[in-house]
Amino acid sequence: MNTKVVRSKTTIKQPKINVITLGCSKNIYDSEVLMGQLRGNNLNVTHESDKMGKDDIVVINTCGFIDNAKQESIDTILQFSELKEAGKIGKVVVTGCLSERYKPELESEITNVDAFFGTNDLQNILHELGANYKHELIGERLLTTPSHFAYFKIAEGCNRPCSFCAIPLMRGKHMSKPMEELVNEAKILAKNGTKELILIAQDLTYYGLDLYGVRKLDELMRRLSDVPGIEWIRLQYAYPSGFPMEILDAMNERDNICKYLDMPLQHITDNMLKSMRRGTTKQKTIDLVNQIRDKVPNIAMRTTLICGYPGETERDFEEMAAWVAETKFDRLGCFTYSHEEKTHAHTLVDDIPEEVKQQRVDDIMEIQQGISFDINQEKVGKTFKVLVDKKEGDFFVGRTEFDSPEVDNEVLIDAATGYAANGSFVNVKVDRAEDFDLYGTIV
């Protein structure tokens, strides 16, 4: 008699790869590229999932820019390494700026992390996770933002010599991406429903110099502007020294290039700018801002400033505060100086007490709050094209072309007065305004 042995089929559950992103929009972009490759290898990948199993792998994309960001990255690594120790997850892999900058120290201090990688280690990370780098996936990403907008990295690294900045230590020299590759990536995004490209790099205005021998940001902007489906193109992180004025011509020519420019100026007094190695002066900075505003009269200018840089006197600070009050930037962010190892400024004495740095930041932001309130009041009664990002409580929340996500003003539309789908453009009449928010009705 023949007896047949029947074996039950057991399916092995594939571990999930959970990517955690810390830091800036450039890290968001890197995580999205990594996840696109993992998905292209048929691996199970999620972004910042709360649900994890004992075999799951956590990849932490760290930031190492300033003290607060470094501390957040270290805390996050420790949190997940403890979960691994407790048997609640399988592996912890660390990548990004912190591990690029401090890999030997991290390896000796946090020993139960499975692997540390730097900022340009994509192929090695994939190998660690059981995946292969697929060239055919260039331009493919798994977006972590709402699908209607995407951060769009056009270059990596930086050649600028700013004294306070550790980015060249972590990201290396400036490397522009080939224009054809970027246009192709924009077409893929547009096909998948992306309407807004937010151009990012350590220094947008340097684009093309290394590849083509000349600055080509204006040509890239026009090429991206021609991509069907792209309705907004936004520039973040322009550098003031050697600013290519021709990008303003592209802005004026094309309706889908936002009248928006993010240009971190950092300070205004000549002695601070010189010590910071910014390659400019107070007068040149003032002239540049005026020239930009003359050429694009309705442009929204955003800047970032540092308070408490070594040697910053009370007079330096008061001069900067007066300039902020006079210049009236549409958007402004301000940070306390962080004393970073291996930067030129680290050779100086970090001589401003933390509480003084913070007080100066607070004073600048109070001035900016008043400026923002006045600028917003002028918008009451006017109608703006608004891109709807989300619904929150009783409001649809969106932005005008003068606002970048996360950092700038929002437009709140009462959901009881009209409907707006996420990712749609609507015309909104502003009914009232606060310091950093506009309230309006769809017309």
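Sequence order as written defines residue numbering, which begins from 1 separately in each chain. Thresholds applied to this predicted model are a pLDDT of at least 70 for local features of residues and 80 or more for the giving and counting of side-chain atom pairs; totals over whole chains, interfaces and linings are not thresholded and use all residues. Water and hydrogen atoms play no part in the side-chain values, which are based on all heavy atoms of the structure.

(A) Representation of the domain arrangement of the protein in the model. Boundaries between domains were set according to an automatic or database domain assignment. When the domains of the protein are assigned, the result is domain 1 (17-135), domain 2 (145-378) and domain 3 (382-442). On a C-alpha basis, the centroid separation for the pair domain 1 and domain 3 is 35 Å.

(B) Representation of helix α1 (residues 25-40) in the model. Runs of E in the DSSP output that reach at least two residues are strands. Runs of H or I that reach at least four are helices, and both are numbered from the N terminus. Helices are assigned an expected span. That span is 1.5 Å times one less than the residue count. The end-to-end C-alpha separation of α1 is 22 Å, in line with the 22 Å expected for 16 residues at 1.5 Å each. Buried means the residue's accessible area, taken with a 1.4 Å probe over protein chains only, is under 20% of the maximum for its type, while exposed means over 50%, and partly exposed covers the values in between. Counting buried residues in α1 gives 12 out of 16 residues, a clear majority hidden from the surface. Trailing α1 by a residue or two, asparagine 42 shows a phi angle of about 60 degrees, which is positive.

(C) Molecular detail of the nonpolar core. In this description, a nonpolar core means a group of buried Ala, Val, Leu, Ile, Met, Phe, Trp, Tyr and Cys residues linked to one another through side-chain atoms lying within 4.5 Å. Core analysis: the largest hydrophobic core is formed by 54 residues, its most contacted members being Ile154, Leu199 and Ile364. The dominant element in this core, judged by the number of residues it contributes, is helix α6 (residues 179-191), at 6 residues. Contacts are assigned to residue pairs with any non-hydrogen atoms lying within 4.5 Å of each other. Setting aside its immediate chain neighbours within four residues, isoleucine 364 contacts Leu305, Cys307, Phe317, Met320, Ala321, Val324, Leu332 and Cys334. Within the second largest apolar cluster, 19 residues are counted, among which are Trp232, Ile413, Val430 and Leu438.

(D) Up close: the pattern of salt bridges. We define a salt bridge as a contact between a side-chain nitrogen of Lys or Arg and a carboxyl oxygen of Asp or Glu at a distance within 4 Å. Evaluated as defined, the whole model comprises 34 salt bridges. Note that glutamate 156 is salt-bridged to arginine 171, the shortest N-O span being 2.9 Å. With glutamate 156 in strand β7 (residues 155-156) and arginine 171 in helix α5 (residues 167-171), this pair connects stretches of sequence that are 15 residues apart. Measuring nitrogen to oxygen at the nearest pair gives 2.9 Å for the salt bridge that ties glutamate 180 to arginine 223. Linking glutamate 180 in helix α6 with arginine 223 in helix α8 (residues 217-225), this pair joins segments that are 43 residues apart in sequence. Using a relative accessible area of 54% as the deciding quantity, one classes glutamate 180 as exposed.

(E) Just the UniProt feature "domain: MTTase N-terminal" (unreviewed entry) in the protein, in detail. UniProt positions are given in the numbering used here, feature names are shortened, and annotations may be inferred rather than shown by experiment. UniProt feature "domain: MTTase N-terminal" (unreviewed entry): in the numbering of this structure it lies at residues 15-135. End C-alpha to end C-alpha, residues 15-135 measures 24 Å, and it is 45% helix and 20% strand.

(F) Focus on the packing of helix α11 (residues 282-295) against helix α12 (residues 314-327). Interhelical geometry of α11 versus α12 gives an angle of 15 degrees and a closest axis separation of 13 Å. Viewed along their axes, α11 and α12 adopt a mutual orientation that is roughly parallel. The two elements α11 and α12 meet at a crossing, and its hand is right-handed. Within the contact between the two elements, α11 uses Lys282, Thr285, Ile286, Val289 and Arg293 and α12 uses Glu319, Trp323 and Thr327. Looking at the contact of α11 with α12 residue by residue, the class counts come to 3 nonpolar, 2 polar and 3 charged. Interaxial angles span 0 to 180 degrees and are taken between N-to-C directions of axes, which are lines fitted to C-alpha atoms, for helices over the stretch in contact. Here the word oblique covers every angle except those under 35 degrees (roughly parallel), over 145 (roughly antiparallel) and from 65 to 115 (roughly perpendicular). In a left-handed crossing the near helix is turned counterclockwise from the far helix by less than a right angle, and in a right-handed crossing that turn is clockwise. Each residue is assigned to one of three groups, with Ala, Val, Leu, Ile, Met, Phe, Trp, Tyr, Cys and Pro labelled nonpolar, Asp, Glu, Lys and Arg labelled charged, and all others, Gly among them, labelled polar.

(G) Summary view of the packing of aromatic side chains. We call Phe, Tyr and Trp rings a pair once their centres come within 6.5 Å, taking the six-membered ring for Trp, and we label the pair stacked below 30 degrees between planes, edge-to-face above 60, and tilted otherwise. Inspection of every chain in the model, using the stated rule, returns 7 aromatic pairs. Pairing phenylalanine 149 with tyrosine 151 gives two aromatic rings, centres 6.2 Å apart and planes at 85 degrees, and the pair type is edge-to-face. Judged by relative accessible area, which is 7%, tyrosine 151 ranks as buried. Between phenylalanine 395 and tyrosine 439, the ring centres sit 5.9 Å apart and the planes meet at 70 degrees, which makes this aromatic pair edge-to-face. You can see phenylalanine 395 sitting in strand β15 (residues 395-399) and its partner tyrosine 439 sitting in strand β18 (residues 437-442), a full 44 residues away along the chain. Classification of phenylalanine 395 as partly exposed rests on a relative accessible area of 26%. Exposure remark for tyrosine 439: the relative accessible area of 13% places this residue in the buried category. One Lys or Arg, lysine 216, reaches over the ring of tyrosine 212 and ends 5.3 Å from the middle of that ring. As a reminder, the over-ring test applies to NZ of lysine and CZ of arginine, requiring each to be within 6 Å of the ring centre and within 35 degrees of the ring normal.

(H) Main features of the sheet that holds β15. Pairing between two strands requires that DSSP report at least two bridges joining them. Strand order in the closed barrel formed by 5 strands is β14-β15-β16-β18-β17, with mixed pairing between adjacent strands. Sheet twist, expressed as the mean angle between neighbouring strand axes with direction ignored, is 55 degrees. Where strand β17 (residues 425-433) and β18 come together, 5 bridges link them in antiparallel fashion. Looking at the pairing, lysine 429 lines up with threonine 441 of β18.

(I) Spotlight on the sheet that holds strand β2 (residues 44-47). Pairing within the open sheet is parallel, and its 5 strands lie in the order β2-β1-β3-β4-β5. Of all the strands in the sheet, just β2 and β5 (115-116) have a single pairing partner and so form its edges. Sheet topology places strand β1 (residues 16-21) next to β2; 4 bridges connect them, and they run parallel. Pairing of valine 19 across the sheet is with histidine 47, part of β2. Packed on one face of the sheet, α1 meets β1, β2 and β3 (57-62) and runs near 170 degrees to β1. Seen against the sheet, helix α2 (residues 67-85) touches β1, β3 and β4 (91-96) and runs at an angle of roughly 170 degrees to β3.

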